[in-house]
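Letter by letter, the chains look like this.
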Amino acid sequence: MDSSFEKNYTREQEIRRMHDAAQGSREGMSDAVDAYQSFRNSIMAEGDIYARIYRLYSQARDRGNQYVDISDNTDAENAGKMADAFRRHGIEKFTYSSCWSGAARAAWQFIQHGCILEGMLEINGPHTEIGSDRHEKVYGYVFSVRQELLGYMASLAKRQLLEEEWYMAVIFINKTAEALFTILKWMLRAASALLKLVFWMAKLILLLAVLAVSGVSSIAGVTSGRR
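Remember, predicted model here, so these are calculated numbers, not experimental data.

Draft legend 1. Molecular detail of helix 3 (residues 48-63). If you check helix 3, its first and last C-alpha atoms are 22 Å apart, about what 16 residues at 1.5 Å a residue would give, namely 22 Å. Of all the residues in helix 3, the buried ones are Tyr50, Ala51, Arg52, Ile53, Tyr54, Leu56, Tyr57, Ser58, Ala60 and Arg63. In the stretch just after helix 3, Gly64 is the one whose phi turns positive, near 80°.

So, in structure tokens, the structure goes:
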């Protein structure tokens, strides 16, 4: 992870302690406010995405969570930008606990931009229990961030190509099977017609044999009668 997050968080904690120690001192409070404003400007100077990631990092540290958590409304376009920013700043895992409408579409965009859904995790939410400093428990999806997006996209394309090749192979096998079945069906029909032809030819031969025998017998009877 980008070491600047931890450095900035350490600086923010120092300013908070400065603010707490300056209670009752107008000059001390003014110095604390100026220090915080300067700190905030330095964060914003890094860009909106960096500022948002730092805010998530700071919140995770404050709540005692292991990973940064996205719980606000993140649309599909920003989900892709966040995934790319996580990759640039070396964030390997994050949780996504948003319950806003469109959260499923944003989660799908995380996956499309090289993040892997690993499961779910119970984390500390933004609110504390009444009368306690303990944070309420919420549930978030755990994503890991692929650091080599090009490799991931190449493997995804390869997998899609293999799926297409398998699909074409299945179609070819299916078409071949249909053709063989059609040929077999016509062969059976031809064999059946041939058997019928042989049967009728046998009947014809038998009939001719019977007629020949009858004719010979008749001729023999006539000849015997003349004698």
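Next, the rest of the story.
Draft legend 2. Local environment of the side chain of Arg63. Position of Arg63 among the secondary structure elements: in helix 3. For the buried residue Arg63, which engages in no salt bridge, the nearest side chain bearing the opposite charge is Asp69, 4.5 Å off. Once you skip the residues sitting within four places of it in the chain, Arg63 turns out to touch Asn124, Gly125, Pro126 and His135.

Draft legend 3. How the structure looks around the nonpolar core. If you look at the biggest cluster of nonpolar residues, it comprises 29 residues, and the most contacted ones within it are Tyr54, Ile70, Phe86, Phe94, Tyr96 and Phe110. Put simply, the parts of the chain that give this core at least two residues each are helix 1 (3-21), helix 2 (26-44), helix 3, strand 1 (68-70), helix 4 (76-88), strand 2 (93-96), helix 5 (103-112) and strand 4 (135-145). Looking at this core, the element that brings in the most residues is helix 3, giving six residues. Here Tyr54 is in contact with Phe5, Asn8, Tyr9, Glu12, Phe39 and Ile43, once residues within four sequence places are set aside.

Draft legend 4. Representation of the sheet that holds strand 4 in the model. If you trace the four strands from one edge of the open sheet to the other, you get 1-2-4-3, paired in mixed fashion. Strands at the two margins of the open sheet, each flanked by one partner only, are strand 1 and strand 3 (115-128). This sheet shows a mean twist of 35° between the axes of neighbouring strands, independent of strand direction. The pairing of strand 2 with strand 4 spans four bridges and is antiparallel. Looking at the pairing, Phe94 lines up with Phe143 of strand 4.

Draft legend 5. Inspection of the pairing of strand 2 at higher detail. Taken together, the three bridges between strand 1 and strand 2 define a ladder with parallel strand orientation. Paired with Val68 across the two strands is Phe94, which belongs to strand 2. With helix 4 bridging strand 1 and its parallel neighbour strand 2, the resulting β-α-β unit is right-handed.

Draft legend 6. Broad picture of the pattern of salt bridges. Applying the stated criterion across every chain yields a total of nine salt bridges. For the salt bridge of Glu12 with Arg16, the shortest nitrogen-to-oxygen distance reads 3.2 Å. A residue pair is termed a helical-turn pair when its members lie 3 or 4 positions apart in one helix, as Glu12 and Arg16 do in helix 1 at four residues. On the basis of relative accessible area, Glu12 is assigned to the buried category, the value being 10%. On the basis of relative accessible area, Arg16 is assigned to the partly exposed category, the value being 33%. The salt bridge involving Arg52 is made with Asp72; its shortest N-O contact spans 2.8 Å. Of this pair, Arg52 sits in helix 3 while Asp72 sits in the loop between strand 1 and helix 4; the two residues are 20 residues apart in sequence, bridging distant segments of the chain. Its relative accessible area of 15% is what places Arg52 among the buried residues. Taken together, the salt bridges that share partners define one network made up of Glu12, Arg16 and Asp62.

Draft legend 7. Quick peek at the packing of aromatic side chains. On inspection of all chains with the given rule, the structure shows 11 aromatic pairs. Arranged with centres 5.6 Å apart and planes meeting at 50°, the rings of Phe110 and Phe143 form a pair that is tilted. With Phe110 in helix 5 and Phe143 in strand 4, the pair connects residues that are 33 residues apart, well separated along the chain. We classify Phe110 as buried; its relative accessible area is 0%. Classification of Phe143 as buried rests on a relative accessible area of 1%. Through successive ring pairs, a cluster of aromatic residues spans Phe86, Phe94, Tyr96, Phe110 and Phe143.

Draft legend 8. Structural context of the pairing of strand 3. In this sheet, strand 4 lies alongside strand 3 in antiparallel orientation, the contact comprising 10 bridges. Counterpart to Glu122 in the pairing with strand 4 is Tyr139. The loop that links strand 3 with its antiparallel partner strand 4 comprises six residues; one of these, Gly131, has a positive phi angle of about 75°.

The rules we used
Residues numbered from 1 in each chain as written. Predicted model: local features only at pLDDT ≥ 70, side-chain atom pairs only at ≥ 80, totals over all residues. Heavy atoms only, no water. Helix = DSSP H or I, 4+ residues; strand = E, 2+ residues; numbered from the N terminus. Expected span 1.5 Å × (residues − 1). Buried < 20%, exposed > 50% of the residue type's maximum accessible area, 1.4 Å probe, protein only. Lys, Arg positive; Asp, Glu negative; His and termini not counted. Salt bridge = Lys/Arg side-chain N within 4 Å of Asp/Glu carboxyl O. Contact = heavy atoms within 4.5 Å. Core = buried A, V, L, I, M, F, W, Y, C linked by side-chain atoms within 4.5 Å. Pairing = 2+ DSSP bridges. Axes fitted to C-alpha atoms, helices over the stretch in contact; angles between N-to-C directions. Right-handed = clockwise from strand over helix to strand, strands pointing away. Phe/Tyr/Trp six-rings, centres within 6.5 Å; stacked < 30°, edge-to-face > 60°.

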